[in-house]
Amino acid sequence: MIQVPFSSSVLVRVVLFCGALLAGGLRPVAAQTTAPDTARIRYSEETVLETEPPRRQLGRAYSKLARLQVEEQRLWKLGLNNLDAPLSNLEYDEAYARFGVYLIYEQKLRPDVSIMTELSPDFTRFRRFVGGPVRRSFSVRSQVAGRFYYNLDERIRKGKSASNFSANYLSVAVGSGFGRYSHETPFYYYETTKPLVRADMALLYGLQRRLGQYGFVDFNIGVCTKLVPEVDDFDLAGSFRIGLALGR
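These notes cover the structure that comes with them. Residue indices begin from 1 for each chain and proceed along its sequence in written order. Local features in this predicted model are restricted to residues of pLDDT 70 or higher, and side-chain atom pairs are both shown and tallied only at a pLDDT of 80 or more, whereas totals for entire chains, interfaces and linings draw on every residue. For side-chain calculations, the full set of non-hydrogen atoms in the structure is used, while hydrogens and water are omitted.

## A look at the nonpolar core
Nonpolar side chains tend to gather and get buried jointly when the protein is soluble and globular.
So, step 1. Side-chain atoms within 4.5 Å link the members of a nonpolar core, which is a set of buried Ala, Val, Leu, Ile, Met, Phe, Trp, Tyr and Cys residues. Think of it in three bands: with a 1.4 Å probe and only protein chains considered, a residue is buried below 20% of the maximum accessible area for its type, exposed above 50%, and partly exposed in between. Listed in full, the 12 residues of the largest apolar core are Tyr102, Ile104, Met116, Ala145, Ala173, Phe187, Tyr188, Tyr190, Ala202, Leu204, Cys224 and Ala237.
So, step 2. Runs of H or I in DSSP of at least four residues are treated as helices and runs of E of at least two as strands, each being numbered from the N terminus. If you list the elements that add at least two residues to this core, you get strand E2 (96-110) and strand E6 (197-210).
So, step 3. Filtering out sequence-adjacent residues up to four positions away, Ile104 remains in contact with Leu75, Trp76, Lys77, Met116, Thr117, Glu118 and Arg241.
So, step 4. If you look at the next biggest cluster of nonpolar residues, it comprises 8 residues, including Tyr149, Leu152, Phe165 and Phe216. Working rule for contacts: check all heavy atoms of both residues, and any pair within 4.5 Å makes them a contact.

## Side note on the environment of Tyr149
So, step 1. Following the sequence through the fold, Tyr149 ends up in the loop between strand E4 (134-148) and helix H3 (152-157).
So, step 2. Taking the C-alpha atoms as reference, Tyr149 lies 8.3 Å from Ser114; in sequence the two are 35 residues apart.
So, step 3. Tyr149 has contacts with Glu106, Asp112, Ser114, Phe165, Ala167, Asn168, Tyr169 and Gln208, leaving out every residue within four places of it along the chain.

## Describing the sheet that holds E2
So, step 1. Should DSSP find at least two bridges between two strands, the strands are taken to pair. Ordered in space as E1-E2-E3-E4-E5-E6-E7-E8, the 8 strands form a closed barrel in which the pairing is antiparallel. Across the sheet, the mean angle separating the axes of adjacent strands is 30° when strand polarity is ignored.
So, step 2. When E6 meets strand E7 (residues 215-228), the two strands line up antiparallel, connected through 12 bridges. Its bridge partner lying in E7, Ala199 is registered against Val228. Where helices are involved, their axes are fitted lines through C-alpha atoms of the stretch in contact, as for all axes, and angles between N-to-C directions lie from 0 to 180°.

## Focus: the pairing of E6
So, step 1. Two elements, strand E5 (residues 167-178) and E6, share 12 bridges in a ladder whose sense is antiparallel. Within the sheet, the bridge partner assigned to Phe178 lies in E6 and is Val197.

## Side note on the pairing of E4
If a strand is regular, its side chains alternate between the two faces of the sheet.
So, step 1. Here strand E3 (residues 113-127) pairs with E4 via 15 bridges, running antiparallel. Along E4, the bridge assignment pairs Asp122 with Ser139.
So, step 2. Here E3 hands over to E4 after 6 residues, with Gly131 in that stretch at a positive phi of 85°.
So, step 3. Sheet topology places E4 next to E5; 9 bridges connect them, and they run antiparallel. Along E5, the bridge assignment pairs Arg147 with Ser171.

Okay, here's the thing in structure tokens:
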């Protein structure tokens, strides 16, 4: 047997070396199991504010708001449907044709009451009897009327453009017709052309609405009585007008 000398100092060195190896091998495992988790997860919610709506929507909203808030005190109306074309051939039958315009001014006396004046010039072509000569003439119709817009408050509460002469109304009006061959007032058509001046009075129920920023439509119906010369002669009356409107 061969014996290898072994001293106590050598033993100590071997023990220390083994301990160092053991400590080095266990250190990563301990670090993995004991090291605290320093990563943090944060949640946030991003709110995107639309600071400027589309230009078209903004324009419409502003226009509607302006029309609701700004009350128009006066209104000019130019009617484009002042015409009455014959249904038959004017050259051979007894017929009547009118071509003209409406010029109307309406002024508020208070928010639901207004006074309105109208001047409607027109050219006419007509026959007095079948087979007679075709005549041409110039005539003027006019009227002065008072209007009471009775449902104005209700339309304002509903958010409608009621402050701009847009509501239902009751009206008392005096109409007239001027011209040598005049047949009409704003409310009535006369069979004969005499006298030179016609006049009648009407009680009307109607409605008026604005069409966009520069349009209007006005419809009414009622009864009229002739003042000159056919006294106490009652008949139905009515009108329909559509055209351009300018208010402020």
